[in-house]
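Observations on the model geometry
Here is what each chain is made of, one letter per residue.
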Amino acid sequence: MQEIFEQLDFVENPMYESIINDLMEQQYSIVEGFFSEEEVLALRDSLLDKFEEDAFKKAAIGNRVNEIIEKSIRGDFILWLNENEANFAEKAFFNRINDMVSYLNKTCFMGILFKEFHYALYPKGTFYKRHLDTFQNDDRRKLSMVCYLNDEDWQPEYGGELVLYLNINGKEIPKTIYPLPGRMVIFESQILEHEVKPVEQKRMSITGWLKTR
Ligand code: OGA
Ligand code: MN
């Protein structure tokens, strides 16, 4: 009986459905306006407040067990978000993410059990060389998500493009994506190599991973 009620409860969400279709067809999805302008603004303010408080640290390569700071590979500064201590903007962020995760688990049996997100700030001149988001001692990352928090007037000449290296019929095809505010990019962590091109202007985002097991 319970199951029948759950099915009646289910309302198809067109945004999530198009993310699922994109992921199945091309291993990535670009969503415009995943967060509203107000939500982006609040998250950007929150990021900048915390950056000014000096809460960010230089990002390391590998995971927390394996922290080697390597400026020649990545130059961004990060701060991990803690859902239990989330401020107003971050609570709204996690509400949206949690809603999407439960939809994915319900409709595609993705088995996402954990998530981790950090703010990232790339100062002028920094980049993140081509890499894969999975590490030797952590293969649980299933989906990578990046939400851009840049100003409304972000210009192509500011750089900082995300380049996904797609493999189409055995041929490598680079896909360039500009870090426009409110845009979210989701891709398969274990499959798609990618990089962040050098930035000419401070570049802001929240990046995270949906994880299995
Ligand atoms: C990362 C990453 C991409 C981006 O943090 O692992 O690849 O566009 N970020 O910021
Ligand atoms: Mn990455």
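Residues numbered from 1 in each chain as written. Chains lettered and ligands numbered in written order. Predicted model: local features only at pLDDT ≥ 70, side-chain atom pairs only at ≥ 80, totals over all residues. Heavy atoms only, no water.

1. Overview of the packing of aromatic side chains
Let me state the cut-off plainly: Classification of ring pairs rests on two measures: the distance between centres of Phe, Tyr or Trp rings, Trp counted by its six-membered ring, which must be within 6.5 Å, and the angle between planes, read as stacked under 30 degrees, edge-to-face over 60 and tilted in between. Secondary structure is summarised from DSSP: a helix means a run of H or I of at least four residues, a strand means a run of E of at least two, and numbering begins at the N terminus for each. Burial classification: accessible surface area is computed with a 1.4 Å probe over protein chains only, and a residue below 20% of its type maximum counts as buried, one above 50% as exposed, and the rest as partly exposed. Here, a charge over a ring is recorded when the distance from Lys NZ or Arg CZ to the ring centre is within 6 Å and its angle to the ring normal is within 35 degrees.
What the rule picks out here adds up to eleven aromatic pairs. Measuring from centroid to centroid gives 6.4 Å for Trp80 and Trp209, while their planes differ by 45°, and the two rings are tilted. Highlighted residues: Trp80 in strand 3 (residues 77-80) and Trp209 in strand 11 (residues 203-212), separated in sequence by 129 residues. Relative accessible area serves as the criterion here: at 26%, Trp80 is assigned to the partly exposed category. Residue Trp209 is classed as buried on the basis of its relative accessible area of 6%. Ring geometry for Phe93 versus Phe94: centroids 5.4 Å apart, planes at 80°, classification edge-to-face. The class of Phe93 is buried, set by a relative accessible area of 1%. Every member of this aromatic cluster is reached through a ring pair, and the members are Phe34, Phe35, Phe93, Phe94 and Phe117. The lysine or arginine in question, Arg130, covers the ring of Tyr165, its NZ or CZ lying 4.0 Å from the ring centre.

2. Brief notes about the environment of Asn82
Operational definition: Any pair of N or O atoms that falls within 3.5 Å is considered a polar contact. Within protein, one atom must be able to donate a hydrogen and the other to accept it, and sequence-neighbouring residues count only if both atoms are side-chain atoms.
Among the structural elements, Asn82 can be located in the loop between strand 3 and helix 4 (88-108). Relative accessible area serves as the criterion here: at 35%, Asn82 is assigned to the partly exposed category. Asn82 sits 36 residues away from His118 along the chain, and the two C-alpha atoms are 8.8 Å apart. Side-chain polar atoms of Asn82 contact the backbone nitrogen of Asn84, separated by 2.9 Å.

3. Considering the coordination of the manganese ion (ligand 2)
Defined as follows: Excluding water, the donors of a metal are its N, O and S neighbours within 2.8 Å, or within 3.2 Å for Na, K and Ca, and that exclusion means sites may look incomplete.
Bound to the manganese ion (ligand 2) on the protein side are His131 (NE2), Asp133 (OD) and His194 (NE2), at distances that span 2.1 to 2.2 Å. Taken in sequence order, the residues that donate to the manganese ion (ligand 2) follow the motif H-x1-D-x60-H. In this pair, Asp133 is assigned in the loop between strand 5 (128-131) and strand 6 (141-148) and His194 in strand 10 (residues 193-196), connecting sequence segments 61 residues apart. A relative accessible area of 4% means that His194 is categorised as buried.

4. Looking at the sheet that holds strand 8 (residues 171-177)
Put simply, the rule reads: Each pair of strands is called paired provided DSSP finds at least two bridges between the two strands. Every axis corresponds to a line fitted to the C-alpha atoms, with the helix fit spanning only the stretch in contact, and the corresponding angles, defined between N-to-C directions, vary from 0 to 180 degrees.
Taken together, four strands build an open sheet; the order of strands is 5-10-7-8 and the sheet is antiparallel. Each having just a single partner strand, strand 5 and strand 8 make up the two edges of the open sheet. Strand-to-strand twist of the sheet, defined as the mean angle between neighbouring strand axes without regard to direction, takes the value 20°. Looking at chain direction, strand 5 and strand 10 are connected through two bridges and run antiparallel. In the sheet register, Tyr128 faces strand 10, and the bridge partner there is Val196.

5. A short note on the nonpolar core
Cut-off, in case you're wondering: Buried Ala, Val, Leu, Ile, Met, Phe, Trp, Tyr and Cys residues that are joined via side-chain atoms within 4.5 Å together make up what is termed a nonpolar core. Note on definitions: a residue-residue contact is assigned when non-hydrogen atoms from the two residues lie within 4.5 Å.
One finds Phe34, Phe93, Ile97, Met100 and Leu210 to be the most contacted residues of the largest nonpolar core, which totals 37 residues. Elements represented by at least two residues in this core include exactly helix 2 (14-26), helix 3 (37-52), helix 4, strand 4 (112-122), strand 6, strand 9 (184-188) and strand 11. Aside from chain neighbours lying at most four places away, what touches Met100 is Tyr16, Ile19, Phe34, Met145, Met184, Ile186 and Leu210. If you look at the next biggest cluster of nonpolar residues, it comprises ten residues, including Leu162, Ile177, Val185 and Leu192.

6. What about the pattern of salt bridges?
Note the cut-off: Salt bridges, as used here, are contacts in which a Lys or Arg side-chain nitrogen is within 4 Å of a carboxyl oxygen on Asp or Glu.
What the rule picks out here adds up to 13 salt bridges. Here Glu90 and Lys50 are joined by a salt bridge, their closest N and O atoms 2.7 Å apart. Within this pair, whereas Glu90 is found in helix 4, its partner Lys50 is found in helix 3, the two being separated by 40 residues in sequence. The same class applies to Glu90 and to Lys50, which are both buried. One salt bridge connects Glu83 with Lys115, and the closest N-O pair in it is separated by 2.8 Å. One end of the pair, Glu83, is in the loop between strand 3 and helix 4; the other, Lys115, is in strand 4, and 32 residues separate them in sequence. Overall, Lys115 belongs to the partly exposed group, its relative accessible area being 30%. A network of salt bridges, in which partner residues are shared, links Glu116, Arg141 and Lys211.

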